[in-house]
Every structure is written in C-alpha cells, then in structure tokens.
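Residue-level listing of the chains:
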Amino acid sequence: MDTQPTQFEAALTTFFMVKTSSEWLSFTFETRLEHARETFQPILDEFKGRVRLKWYDVEFYTAKISDIWMIESKDHHSYQLFCEKLRETPFWDRFFLVHDIFPGELNAWAKNYEVEALQS
C-alpha cells in the first residue's frame, strides 16, 4: 500500500505493531482487498504527499503481531489527522488490533548535536 514512490523527508516515523483479528482472517482475500481499497486507500490518497505507509508482514516470524505499519509523515499534525481518520474505520482495533505504537525521528541525535549521522 505504499502509494507514494517519491521520497520526502519525514519529520516523524511511527511503527504500529498490529495483529490481524479473527474477523479479518475470516474474509476471503478478495474481500480483504476490497476493504483495503475502499476504506484504507482513500485515507492514504487524502494525505498523499504528507503521509506515507509501508506495510510489513511479520506473521511468519512472530506470533505476537502479524504486521508492522510504518507511517512516515512530513509533520506531526498530518500524522495526527491521519490517525484520527484511520481510527474512524474498522481497520483500527477491529480488523487489526493495535498492540503498540512507537514514534521516532530518523537520526534525531545527529540533528540535535549538528553532526553527520552514521551511514552504511
């Protein structure tokens, strides 16, 4: 669901640890895809250029969560508005149970100390 191929500098990156609900898993793949396209995609479209989603499947490696949603946003306000919209859908705590939310800023320590970040 990463609908924005262009790069932008994120002011905030947030990692949502989510687990699929039994309701979501009871749907056929086609129904899940329809829900995603009709519910989640319009929110992504509304915030295009301000918020970007990367969706990682991790159910192969852990039983605690099934997915990680990495949400990058240009500013905190866009992130907050995005979350408000998402919370009003069945994706938040109905189809996917939100277990943890971890916000962070890429290389904030380097920015704060005005030094070049480590690179690989």
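What you are looking at is a predicted structure, and each value in this text was computed from that prediction instead of being measured. (Residues numbered from 1 in each chain as written. Predicted model: local features only at pLDDT ≥ 70, side-chain atom pairs only at ≥ 80, totals over all residues. Heavy atoms only, no water.)

A.B. asks: How should I be thinking about the packing of aromatic side chains in this particular structure?
C.D. replies: Between two aromatic rings, the relevant description is the distance of the centres plus the angle of the planes. Considering all chains together, one arrives at 17 aromatic pairs under this definition. Each ring, one from Phe-16 and one from Trp-92, has its centre 5.5 Å from the other, and the planes form 80°; the classification is edge-to-face. Separated by 76 residues along the polypeptide, Phe-16 in strand E1 (residues 12-20) and Trp-92 in the loop between helix H3 (76-87) and strand E4 (96-104) bring together distant segments of the chain. Accessibility assignment for this pair places Phe-16 and Trp-92 in one class, buried. Seen from their ring centres, Phe-40 and Trp-55 are 5.7 Å apart, and the 45° between their planes marks the pair as tilted. (Phe/Tyr/Trp six-rings, centres within 6.5 Å; stacked < 30°, edge-to-face > 60°. Helix = DSSP H or I, 4+ residues; strand = E, 2+ residues; numbered from the N terminus. Buried < 20%, exposed > 50% of the residue type's maximum accessible area, 1.4 Å probe, protein only.)

A.B. asks: Got a minute to help me understand helix H2 (residues 29-46) in this structure?
C.D. replies: Note: α-helices contain 3.6 residues per turn, so residues at a spacing of three or four share the same orientation. For H2, built from 18 residues, the straight-helix expectation of 26 Å at 1.5 Å per residue is met to within 8% by its first-to-last C-alpha distance of 25 Å. Phe-40 marks where H2 bends most, by close to 35°; the proline Pro-42 follows one to four residues later. Considered for burial, the residues of H2 that qualify are Ala-36, Thr-39, Phe-40, Gln-41, Ile-43 and Leu-44. The inward-facing, buried residues of H2 contact strand E2 (51-57), strand E3 (67-73) and H3. (Expected span 1.5 Å × (residues − 1). Bend = angle between axes of the 7 residues up to and from the residue. Contact = heavy atoms within 4.5 Å.)

A.B. asks: Can you walk me through the nonpolar core in this structure?
C.D. replies: When a protein is soluble and globular, its nonpolar side chains tend to lie buried together. Counting 23 residues, the largest nonpolar core has Phe-16, Phe-40, Trp-69, Phe-82, Leu-86 and Phe-91 as its most contacted members. Elements that contribute at least two residues to this core include exactly E1, H2, E2, E3, H3 and E4. (Core = buried A, V, L, I, M, F, W, Y, C linked by side-chain atoms within 4.5 Å.)

A.B. asks: Please clarify how the pattern of salt bridges should be interpreted in this entry.
C.D. replies: Opposite charge on two side chains makes pairing possible when the charged atoms of those side chains draw close. Throughout the structure, instances matching the rule amount to 6 salt bridges. Among the salt bridges present, the one from Lys-111 reaches Glu-9, with a minimum N-O distance of 3.9 Å. Here Lys-111, found in helix H4 (residues 108-112), pairs with Glu-9, found in the segment before E1; they are 102 residues apart in sequence, far enough to count as distant. Since its relative accessible area comes to 64%, Glu-9 is described here as exposed. Here Glu-72 and Arg-52 are joined by a salt bridge, their closest N and O atoms 2.7 Å apart. Here Glu-72, found in strand E3, pairs with Arg-52, found in strand E2; they are 20 residues apart in sequence, far enough to count as distant. Each member of the pair Glu-72 and Arg-52 is classed as buried. In this structure, a network of salt bridges that share partners links the residues Glu-9, Glu-105 and Lys-111. (Salt bridge = Lys/Arg side-chain N within 4 Å of Asp/Glu carboxyl O.)

That's the geometry; what it means functionally is another story.
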